[in-house]
Amino acid sequence: MTQDYLVRALAFNDEVRAFSVRSTQTVQVAQDKHYTWPTASAALGRSMTAGLMMGSMLKNEEKLTITINGGGPIGQIIVDANGKGEVRGYVTNPQTHFDLNEHGKLDVARAVGTEGSLNVVKDIGMRDFFTGSTPIVSGELGEDFTYYFATSEQVPSAVGLGVLVNPDNTIKAAGGFIIQLMPGASEETISAIEQHLGAMEPVSKLIDKGLSPEQVLEEVLGEDNIRIIDRMDVEFKCNCGKEKFSTAIKGLGNAEIDSMIKEDGGAEVECHFCREKYHFSVEELEALKEA
Ligand SMILES: [Zn+2]
């Protein structure tokens with residue numbers, strides 16, 4: 001399999017900034033870890049793909065969390081991403097799947113739901129946070145992120161997100177793009193982009209045909225208009241570890257830890273994001289109690 005990567009570009013004499021990512025492998029790792037069924041794979045994969053691109057808008061040590069709660073059967077979608085091309089995510093009910101919708105596509109809106117909100121929290125360091133929240137407008141997620149950028153960050157954007165799933169539930173192709181207008185973008189530029197967007201195939205199809213992230217941007221913006229400024233490998237990566245769970249257990253207090261010792265003879269905790277399990281013996285639990 002080919003390494004996933006992301007590109008950042010400027011276009012139309014810097015009136016436009018653009019992001020594009022191939023995330024097939026990344027979504028496959030999530031599918032393996034969570035045993036997601038196809039509709040859930042598409043919902044989680046689209047969200048992680050958006051997360052990767054939004055992460056690339058951050059500086060190195062900054063990070064963000066996307067929480068999508070549309071009231072649908074999939075439950076919550078949680079995605080963490082950072083400026084280093086790392087993303088992780090999970091959904092409440094990974095074994096969610098429905099028949100294809102009337103367009104012959106995975107029915108992501110039915111799984112996600114359309115009554116709820118899309119929330120973004122950016123940890124921009126020094127205990128400083130940016131929080132944005134917008135209502136879910138379609139449940140297909142691409143449009144929801146488009147709406148989020150327009151209203152919460154006041155940046156007119158076009159967001160394309162796509163995941164194709166094989167009959168055996170593995171991921172066939174995943175990727176996406178974000179196009180953003182800089183202040184002062186001309187009418188000509190806007191209508192040129194609209195024309196390209198109207199004429200192009202879905203981004204998942206383009207990735208499946210073997211197009212690179214650069215070539216996807218050429219489809220969206222026109223071959224001669226783009227200047228690639230950055231390229232970065234991306235991957236599913238969870239930063240959990242036993243230390244983090246020790247801190248969490250400590251926070252439960254002595255009474256709770258005692259009951260783990262007496263009733264369960266230890267503790268096993270599982271990371272929501274990567275399903276890694278951590279075992280704590282009685283001795284380890286004793287050591288976590290406050291003196
Ligand atoms: Zn983890």
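Labelled according to an unreviewed UniProt entry, the protein chain appears under the name 33 kDa chaperonin, originating from Macrococcus brunensis. The Function (unreviewed entry) field of the UniProt record for the protein chain holds the comment "Redox regulated molecular chaperone. Protects both thermally unfolding and oxidatively damaged proteins from irreversible aggregation. Plays an important role in the bacterial defense system toward oxidative stress." Under the Sequence similarities (unreviewed entry) heading, UniProt states for the protein chain: "Belongs to the HSP33 family."

Engineer: So what about the domain arrangement of the protein chain? Which residues, and what values?
Structural biologist: Many authors give the size of an interface as the accessible area that is lost as the parts come together. For the protein chain, the domain assignment lists domain 1 (5-236) and domain 2 (242-288). Its C-alpha centre places domain 1 at a distance of 35 Å from the equivalent point of domain 2. The interface of domain 1 with domain 2 comprises nine residues on the first partner and four residues on the second. The interface formed by domain 1 and domain 2 contains zero salt bridges. At the boundary of domain 1 and domain 2, one finds two residue pairs in polar contact (both at pLDDT 80 or more). Counting only elements with at least two residues in the side of domain 1 that touches domain 2, the list comes to α1 (24-34), β4 (76-82) and β5 (86-91).

Engineer: Explain the coordination of the zinc ion to me, and be specific about the residues and the numbers.
Structural biologist: Surrounding the zinc ion are the protein donor atoms Cys238 (SG), Cys240 (SG), Cys271 (SG) and Cys274 (SG), which sit 2.2 to 2.3 Å from the metal. Here the zinc ion is ringed by four donor atoms whose angles at the metal span 103 to 116 degrees, and the overall shape comes out tetrahedral. One chain supplies every donor for the zinc ion, spaced along it as C-x1-C-x30-C-x2-C. Residue class for Cys238 comes out buried when judged on its relative accessible area of 19%.

Engineer: Tell me about the sheet that holds strand β1 (residues 5-11), and name the residues and values.
Structural biologist: What the five strands build is an open sheet, ordered β8-β9-β2-β1-β10; its pairing is antiparallel. Only two strands of the sheet have a single neighbouring strand rather than two, namely β8 (157-165) and β10 (226-233). The average angle at which neighbouring strand axes cross in this sheet is 10 degrees, direction not considered. Of the pairings in the sheet, the one linking strand β2 (residues 16-22) to strand β9 (residues 171-181) comprises seven bridges and is antiparallel in character. By the bridge assignment for β9, Val21 is matched with Gly176. In the packing of α1 onto the sheet, contacts are made with β2, β8 and β9, and the angle to β9 comes to roughly 125 degrees.

Engineer: An account of unusual backbone geometry is requested, with residue identities and associated values reported.
Structural biologist: Positive phi is not limited to glycine here, since Asn13 has a value of about 50 degrees. Residue position: Asn13 is located in the loop between β1 and β2. With phi around 65 degrees, Asp14 is a residue other than glycine that occupies positive phi space. Mapped onto the elements, Asp14 comes out in the loop between β1 and β2. In this structure Asp14 comes out as partly exposed when scored by relative accessible area, which is 38%.

Engineer: Please give an account of the packing of α1 against helix α2 (residues 38-55) that cites residues and values.
Structural biologist: Axis separation between α1 and α2 bottoms out at 10 Å; the angle between their running directions is 135 degrees. For the element pair α1 / α2, the angle class is oblique. Crossing geometry of α1 relative to α2 is assigned as right-handed. Contact residues: Thr26, Val27, Ala30, Gln31 and His34 in α1; Ser41, Leu44, Gly45, Met48, Thr49 and Leu52 in α2.

Engineer: So what's going on with a negative patch on the surface? Which residues, and what values?
Structural biologist: A surface patch of like charges, here negative, comprises Glu218, Glu219, Glu223 and Asp224. Position of Glu223 among the secondary structure elements: in the loop between α7 (213-221) and β10.

Engineer: Lay out the sheet that holds strand β6 (residues 117-123) in plain terms, naming residues and giving numbers.
Structural biologist: Overall, mixed pairing links the six strands, which are arranged β7-β6-β3-β4-β5-β11 in an open sheet. Two strands lie at the open edges of the sheet, namely β7 (129-135) and β11 (235-236), each paired on one side alone. In this sheet, β7 lies alongside β6 in antiparallel orientation, the contact comprising seven bridges. What sits directly across from Asn119, in β7, is Ser133.

Engineer: Mind laying out the pattern of salt bridges, listing which residues take part and the relevant values?
Structural biologist: Opposite charge on two side chains permits them to pair, given that their charged atoms come into close proximity. Taken as a whole, this structure holds 13 salt bridges when the rule is applied. One salt bridge connects Glu86 with Lys237, and the closest N-O pair in it is separated by 3.6 Å. Here Lys237 lies in the loop between β11 and α8 (242-252) and Glu86 lies in strand β5, a separation of 151 residues in the sequence. According to the relative accessible area criterion, Glu86 is buried, its value standing at 19%. Given the relative accessible area of 42%, Lys237 is considered partly exposed. The partner of Glu153 in a salt bridge is Lys122, with the nearest N and O atoms 2.9 Å apart. In this pair, Glu153 is assigned in the loop between α4 (142-152) and β8 and Lys122 in strand β6, connecting sequence segments 31 residues apart.

Rules of the game
Residues numbered from 1 in each chain as written. Predicted model: local features only at pLDDT ≥ 70, side-chain atom pairs only at ≥ 80, totals over all residues. Heavy atoms only, no water. UniProt positions renumbered as here; feature names shortened; annotations may be inferred. Domains from an automatic or database assignment. Contact = heavy atoms within 4.5 Å. Salt bridge = Lys/Arg side-chain N within 4 Å of Asp/Glu carboxyl O. Polar contact = N/O pair within 3.5 Å; in protein donor to acceptor, adjacent residues only side chain to side chain. Helix = DSSP H or I, 4+ residues; strand = E, 2+ residues; numbered from the N terminus. Donors = N, O, S within 2.8 Å, 3.2 Å for Na, K, Ca; no water. Tetrahedral: all angles 85-135°; square planar, octahedral: opposite > 155°, others 65-115°. Buried < 20%, exposed > 50% of the residue type's maximum accessible area, 1.4 Å probe, protein only. Pairing = 2+ DSSP bridges. Axes fitted to C-alpha atoms, helices over the stretch in contact; angles between N-to-C directions. Parallel < 35°, antiparallel > 145°, perpendicular 65-115°, else oblique. Left-handed = near helix turned anticlockwise from the far one by under 90°. Patch = residues over 30% accessible without salt bridge, like charges linked within 9 Å, V, L, I, M, F, W, Y side chains within 5 Å. Areas by Shrake-Rupley, 256 points an atom, 1.4 Å probe, with all protein chains shown as cover. Lys, Arg positive; Asp, Glu negative; His and termini not counted. Charge placed at Lys NZ, Arg CZ, Asp CG, Glu CD.

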